[in-house]
Each structure stands twice: as structure tokens, then as C-alpha cells.
Amino acid sequence: MRRPRFTTVAVAALLIGATTFVATAADRPRPATAAAAVDAYNWKNVRIDGGGFVPGLIFNRTEKNLIYARTDIGGAYRWNQAGQNWVPLLDWVGQENWGYNGVTSIATDPVDPGRVYAAVGMYTNSWDPNNGAILRSADRGATWQVTTLPFKNGGNMPGRGMGERLAIDPHDHSHVFYAAEGGNGLWRSTDYGATWAKVTAFPNAGNYVQDPADTNGYLSQNQGLTWVTFDDVSRDVYVGVADKANPVYRSTDGGSTWARVPGQPTGYLPHKGVLDSVNHYLYVATSDTGGPYDGGKGQVSRLNTVTGEWTDVSPVKLSAGADLYFGYSGLTVDRQRPGTLMVATQISWWPDAIFFRSTDSGATWTRIWDFTSYPSQSKRYTMDISANPWLDFNTNPQPPEATPKLGWMNESVEIDPLDSNRLLYGTGATVYGTTQLTNWDKNTTFTIKPMAKGLEETAVLDLASPPSGAPLVSALGDIGGFYHADLDTVPASFHDTPSLGSNTSLDFAELSPAFFVRVGNADAAPHIGVSNDGGKNWYNGQEPAGVTGGGKVAVGADANAVVWAPAGVGVHYSTTRGSSWTASTGIPAGAEIVSDRVDPKTFYGYAAGKVYVSKDGGATFTASAATVPSTGNVKLHTVAGRTGDVWLAGETGLLHSTDAGATFTAVAGVSKAINVSTGKAAPGAAYPAVFTIGTVDGVAGVFRSDNGGAGWVRINDDAHRYGNAGEALAGDPRVYGRVYLGTNGRGILYADRTGGSTPPPVTPSASASASPPPVTPSTPPPVSPSASASATPPPAATGCTATYKITGSWGGGFQGEVTVRNTGTAPTKTWSVGWTFGNGQVVSQVWGGTGGQTGTAVTVRDAGWNGVLAANATTTFGFLASTTGTNPLPSPITCAATS
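Residues numbered from 1 in each chain as written. Predicted model: local features only at pLDDT ≥ 70, side-chain atom pairs only at ≥ 80, totals over all residues. Heavy atoms only, no water.

**Q** How should I be thinking about the packing of aromatic side chains in this particular structure?
**A** Within a pair of aromatic rings, the relevant descriptors are the distance that separates the centres and the angle that separates the planes. Tallied over the entire structure, the rule returns 39 aromatic pairs. A network of ring pairs unites the aromatic residues Trp-349, Trp-390, Phe-393, Trp-408, Phe-482 and Phe-494 as a single cluster. Across the ring face of Tyr-281, the terminal group of Arg-302 is positioned such that the distance to the ring centre comes to 4.4 Å. For Arg-597, the ring lying beneath its charged end belongs to Phe-508, and the centroid distance is 4.9 Å. (Phe/Tyr/Trp six-rings, centres within 6.5 Å; stacked < 30°, edge-to-face > 60°. Lys NZ or Arg CZ within 6 Å of the ring centre and 35° of its normal.)

Encoded structure:
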């Protein structure tokens, strides 16, 4: 027997991790909001439960009921045993780092169960602008610290179901390994994930690429390394590699040296590697592709880690020929019953997934279902989807297909390491589980149920909240959308007849709200559905020739006109409720389309930097001369009960028109708007409540105005930012203050005021008061403001003064704030502040101003929007800086202004 050895790992000279920041449930890198008043809100998901792929379920090996789930676009979750629900852990992720909601891997510490790690980042190509990161938490994900990586992670890339790529050394839990994608090799931390270094001795970065000819970089990425597994007894470490000729490597000295494991089977990709340390077996499940959508051949192999002998223990072996039409993934061992293991197909679309179970270390297997006399089957299980009835997918297939299915994309199948009766597994739509698993071995039926409460993973493309009927109707990616009669109850079924695949847009007639139209990206016609009962039931609409996708749709106020801008053809209109169509003129294809909510003949569109208006039900459009954003994503919204009232949200801010789009006026203080909507007016208010998601006075968030945009209150907080949110936004016309927010992966959120029946006082937005933008992962952790000294220089002769103070300090760094005051009698046009550091301080980031540091001199000018200060008015800018010693206040602080 080999004698275990442990030596220092060979690593790259440069440690990655000097740039970290703290992110808590309140996302503490962001200072308290100063841009607008804050109205207290309660944020909850509109219940759907699931709706997307769950590629990873991770049990802690020593603490009962400590379970994590990772999703490809919807963040990470922790299981709450008392409530039988999942608790989201990454809702603090914001627009600037939205890719962190793609979770590549999770590791939970068996020695200190409070510690958990997550590798985050959504895409390795240009779609995600940021590099990946490793998150670390010492309190089960309640708060996080972040270390950025010098490469990208791919939580929503091909191969994302393989893993787990993160693993904690059970012999020294300060050591954590990360098997990276993209040809980036093996990485290691020796300080609980604070810093990371590449393991230069690891010889193979992987070479499998799904489609080398793919030009957008999605299918052409090197899928890299696939998993890391430790031997609890010998300290050996095993790594899977996406290299069909060299899939498994081992280190026998803790990672100092590595070698390809001799005698290993080749020809397939190692999806999972799980070690039974009691029996000294490493099991490897392989498939011919990286998945998660495909896989036609594969093996389950067993390595005797003592003798080095490999054995093919596949439930269906390659020699079976046509009877093997799937690869393998979803591999797990029962740690309470050594020798018991399970593996799932990767994948078996028809007639269903297959789970295999062995109680003799893979020598023999039984199936979760078997054919008796075709198409009849015997099943060891029953399915109970009463908690989430839509999981039957509105289908009634012919045997041997069944509904609901066991699932698909079953890459994570996990037996609870502390309870042999509990099994959880992820699918492309939900999490399923049973607490009766050992019935399998007794030939007694066990029940499988969805276990997805609290885990919301839909991509929301449009929302509608009509004045009557259901409070909400949704258009979603993949599963289409729902009629939400009760926001806190899972709907019985999603939109059907037609289902349309991913629904891209929907609208209702404001004056006849029972009439709805929705459109979607079905593979073939129809691409449109029509409802006469408020979106509950639907029938197929007709469509123009050449339609290839849903695009955008708008319904006239009295239901007698519909305008559709589908993919594949130009804009069309219908006067027959979607049964016939005529091409519109004067507006480009692919336009954003909305209807006037009062005038049934008026429609508005946006395309290529222009607003277009139709006064004849969409037959003809005329370009407006109004100045609007020329690029970027633009959303239009029209106001119920007010003809000609149009809002436009875009990258340059929020614009408002009250003359049917002839002119637009910029809303002060809103520098960026992702979306805009209106809802029920505040008590006593004349104008509906306006909601926007964007940036108000330098702070990104969700805001409400009760006075037509003259003043704003922030209604979310830094614990509720939801990453890439805002493609869909709808105010409720029946409940004051309620708003529905669509996210790309965290489902639909609805928010209600908790501050009582009286709305808070609303003051005009003042662009002279600004908070810093979100701090990126390249900065040290800001801390709560301290009562540190401040320095106030004498008034400058130029008409302004600047007051410098330190608002927070930590080892090696600090946060500062400078207040600029106009001491003159005329408004300023610009201002500039300067000082000189004398003790090695270095500014790393500035917000609320422009400029920075050259040598020891710091110069900060206004940011443009806050350069104009009335007499005696003030504005602030903030900065982060490093320091190597004492941190005295600089003096003098100069201020110059022009007027």
C-alpha cells in the first residue's frame, strides 16, 4: 500500500486574491443610499417554483440538512429544513456584476460547516463583460467575500453540469481546489479561498470543444477541467479533465506532482468522479459530450485506488450496441451504506430518464423502471407533483412516455450523506426528491416529489398587470408564462394552446382587459396566441408569412387593433383580433411597440434612434422629430387614463412625453433607465405612481415616484438587487405601491410597501447629491462610516470650498468623502478639487466625480451632472484608496469653480 505523503503544492508565482471585497446580504460595498428617500418594501417571488436547470446539489458531509443548490443563471440557494424551502443567497448581486448569478460550482466545508465557496461567472465569451470570481462565506452564505479571478467562469456554458469543480481538502480545510474551464487549468487556495494561485505542475488544461467552428465563442470554448475529488483516507487528489484521451489525473502528494492515472478507460468525457473511501473505489461517470442537453454513449468505470485496477461497471455497457443510447452523469454513493451507489443517464429523452442503483459496488444494477411487455412498464416509484402541477408540461403522451417525466439533464443526483433515505436530484425544470429511497432495495414503491419551493429560476421577458382579472400575467423564457390568479400559489399550468415556447411579449386592451395577445419563439407556426378571458385560456392566432419569432406585440385600447413586430418580417397590424394581418408602413422591422392606453387608434414605436407614431391603428407610422437615445436598449410605456402620455427608458436616462411623442423631456436625476412602468396613484395624488429600474442620483436600484418623476424614493435595497433585472416591469393598477419586477434567472418578484398607508414625503430629485456607484470586485472592503476626523479648509477665493473626511478604514485601505460647497452668489458651471497625499496613499476608485491621482497629487473634477451648484448648494464625491502606514488628513484642500 502506498504511504500517504503531503508536500507544498507547486503554484504560480503570482497569487490571485489581493483584490477582494466583502459582499453581504446587504451588499455592503455600496454605501447607504443618499440619492432619494427610501420607502420600506417587502420583496417576494411570485411563486412558480423552479423553471430552469439545476446543475448542482451539494450536501455537507457532517451537518445534517445543510444543502446547497446552484443554478446556471439564477444564483445559489441553501435549503431550509424547517420550511422545506430554498433560501436565495446571491440576491445582492447587481447590474454591474450580473454574471455572478451563473454558479459554476459550490463546495461546503465538512470540517467547519459554516464555510461555503462558490465559483461564479455566467459566460466565458464576450456576453459576460466581467471575469469570474470565487465567493467565500463563513456563515453559510449569509454574507460573502469575493476574490476575482484573472479569467472568466461559465455557469451557463456547455458542460456546466459536470463537477463539482470546487473541492475542499478534508485533511486541511484551509486548502481549496478549483478546476477551471476555458483552458485555465487547476487553481488552489491555501487560505480559505482568500487568495488563489495556479497549480503550475498540473499537466493538462483540457481540449474538448463542442463546436470549434462556432463564431460567437459559446460552443467553441475549451471545457477544461471537470471535477476535483479527495480521498478521505490517503490524501490522494483526483481531477477530471475534458480530454477524451486523458480524462483522469491523480496526485499522491497533496498536489505537488500529478500524473495521468494508468490503465484508465478513454474515449469519453468524465462528468462525475465520486470516491468511496471505505471500499477504496473511485467511480467515474462519462459521456461522449459535455452536455447538458445531449449525450449518446458513455461508461461508468471503477478504479481500485489501492491496486490500480480499473473495472467497467456500466449498467448498460458499450457492447450493448443500440441498447446504449445515452451517456452517464448524476453519480452518487451512499456514505451510510458503503458499496451502494446510483447513476443517471446523460441523457435519455425518450421515453424518460433512467436511474440505476447498485448495492454491490457496481457489480450488478437495478433500474428505476423496466419494460414488461412493451409499451408497459414496471416502476419502483410514483410521482406526486401536486405542489407544482405545471410539471406535467400540459402533455398527455402515448405510452411508454409518461407525464410527469422523471426529468432530463439529470447531472446532479445526490444521496444524502447522513440519511440513506433522502435523494435529491436536479433537472432542466426543477429539483425532485424522495425521503423513501431505501424502499428501492425492498421492492417497495417510493414517492418522488418536487422540492423546489423558494427556488425560482425563470427568465422573465414580459409582464402585464391588467385593471381586472388576474393581478398578473407573465411571458417567460422556456416555459412560456402563466396566468397568476394568486401570487403566492403555484399555477396549475403554463400558457397552452398554443404554448409558443419562450414567450417574448404580451399585452391587453386597456379598455377591454379580457382581451390579451401574446407572442413567442416557437420552432414553427403558430407564434401568436389570443385570449378573451384575461389570459387564462388561449387559442391560436394567425400570422403573416415569414414569421420566425415572437418579437413585440401591442393591443389597442378597445381591442379592435393589434400591432405586431415579429422576428423574420416587418411590422404588421390586424383589425380582426389576430385572424388576418396587413403590413404597416413607415416603421422599421423589429421595433419596440406600445399602444396608447386611451386612444384606440394610436400606437408608438421605437427603432434606430427614433420614435414613431401611428394615428390609424398601426397602418402607417410617422417618425417623430423628438430627440431620444440613438443606441442601446429602449423601453416605451404608456399611461392608463392619459392619452398621449409616453415614457421612454434608455441608457441616457428617463424621458417623458405628454404630447403623443412629439417631444420628450428628460427627467432630472435619472442618468440611466432600464425600464419604466406606472401603477395605482398614491392616496390623494393626481398622477399614477411611476416605477423605474435604473440609476437615480448615481444610485442603481428600483425607484417609485408619486409626483410624475419630480422626486423619487428607492424601494429596493442592496440585499435585493437581483442581478440582470428589468427586462420586464409592471406597476399594479389596483394596489398602490405594488410593482412586479422580472429578472433573468431569479423569476418574478413582487414588492409591496411595508411603511403603512401614508406614502413617505417626496422631494424633488437633486442631482447635486450623489452616492457612489456599485463597487466592483477589484476594490477592498468598505466599512461602516467611522467617527474619524475631518479637515475643512478655509473658503477658497474662487467661490467654492471642499471638506475632506475619512468615512471608513480597514487594514491597508480607507474610504473618503469630499463635500463641495458653492460659496459664491452665482451658480457654478464646473468645479475642481485637489490635494496632495504625503504618506503613500493611492486612490483606486472615484465616484461622483472624474479624475484621479498622478504621483502624490489628486485632482477630481465634477462628473458633469453635478457641476452646477446653486449658491450655498453642496454635492459630494467619494473615493477608495490604499495606505501603507498612518493616514493623516491632507492639507490644504483646494477648490476652484467657474460660474
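There's plenty left to go through after this.
**Q** When you look at the pattern of salt bridges in this model, what are you seeing that I'm missing?
**A** Throughout the structure, instances matching the rule amount to 26 salt bridges. Where Glu-164 meets Arg-70, a salt bridge forms, and the shortest distance between an N and an O atom there is 2.9 Å. Placement of Glu-164 in the loop between β11 (143-148) and β12 (166-168) and of Arg-70 in strand β5 (residues 67-70) is noted, with a sequence separation of 94 residues between them. Among the residues examined, Arg-70 registers a relative accessible area of 0% and is labelled buried. Across the pair Arg-337 and Asp-441 runs a salt bridge whose closest N-O atoms are separated by 4.0 Å. Placement of Arg-337 in the loop between β24 (327-333) and β25 (341-346) and of Asp-441 in the loop between β33 (431-434) and β34 (446-450) is noted, with a sequence separation of 104 residues between them. Connected through salt bridges with shared partners, the residues Asp-39, Arg-704, Asp-706 and Arg-753 form a single ionic network. (Salt bridge = Lys/Arg side-chain N within 4 Å of Asp/Glu carboxyl O. Helix = DSSP H or I, 4+ residues; strand = E, 2+ residues; numbered from the N terminus. Buried < 20%, exposed > 50% of the residue type's maximum accessible area, 1.4 Å probe, protein only.)

**Q** What am I meant to see in unusual backbone geometry here?
**A** Comment: phi is negative for the bulk of residues other than glycine, and the bulk of peptide bonds are trans. In this structure, the amide linkage connecting Gly-291 to the following residue, Pro-292, adopts the cis form with an omega of 10°. The linkage connecting Tyr-374 with the following residue, Pro-375, adopts the cis geometry, with an omega of 5°. Within the secondary structure, Pro-375 is located in the loop between β28 (369-371) and β29 (377-379). A positive phi angle, near 60°, is found at Arg-140, a position not held by glycine.

**Q** What am I meant to see in the state of the cysteines here?
**A** Here a disulfide denotes a covalent bond joining the sulfur atom of one cysteine to the sulfur atom of another. Applying the stated criterion across every chain yields a total of one disulfide. There is a disulfide in this structure between Cys-800 and Cys-895, and the S-S distance comes to 2.0 Å. On the S-S bond that ties Cys-800 to Cys-895, the torsion sits near -115°, and the link is left-handed. On the criterion of sequence distance, the pair formed by Cys-800 in strand β62 (residues 800-810) and Cys-895 in strand β69 (residues 894-898) is long-range, its members being 95 residues apart. The class for Cys-800 is buried, based on a relative accessible area of 1%. (Disulfide = S-S within 2.5 Å.)

**Q** Before we go on, may I ask you to explain the pairing of strand β4 (residues 56-59) in this structure?
**A** Looking along a regular strand, one sees the side chains alternate between the two faces of the sheet. Residue alternation in β4 divides its side chains into two sets, Gly-56 and Ile-58 and Leu-57 and Phe-59, and both sets are buried. Examined bridge by bridge, β4 and β5 share four bridges and lie antiparallel to one another. Looking at the pairing, Ile-58 lines up with Tyr-68 of β5. (Pairing = 2+ DSSP bridges.)

**Q** How should I be thinking about the sheet that holds strand β49 (residues 622-623) in this particular structure?
**A** By definition, the strands of a sheet pair up through backbone hydrogen bonds, in either a parallel or an antiparallel sense. One open sheet holds the four strands; their spatial order is β46-β47-β48-β49, and the pairing between them is antiparallel. For this open sheet the edge positions go to β46 (592-595) and β49, each flanked by a neighbour on one side alone. With five bridges connecting them, strand β47 (residues 603-607) and strand β48 (residues 610-614) associate as antiparallel partners. Looking at β48, one finds that Ala-607 is bridged to Lys-610.

**Q** Would you take a moment to explain the pairing of β33 for this structure?
**A** By the alternation rule, side chains of β33 split into Val-431 and Gly-433 and Tyr-432 and Thr-434, which are all buried. Of the strand pairs in this sheet, strand β32 (residues 423-426) and β33 are connected by four bridges, and their pairing is antiparallel. Each bridged residue has a counterpart across the sheet, and for Leu-423 the counterpart in β33 is Thr-434. Taken together, β32 and the strand that follows it, β33, pair antiparallel across an intervening segment of four residues. The pairing of β33 with β34 spans two bridges and is antiparallel. Its bridge partner being in β34, Gly-433 is matched across the sheet by Lys-449.

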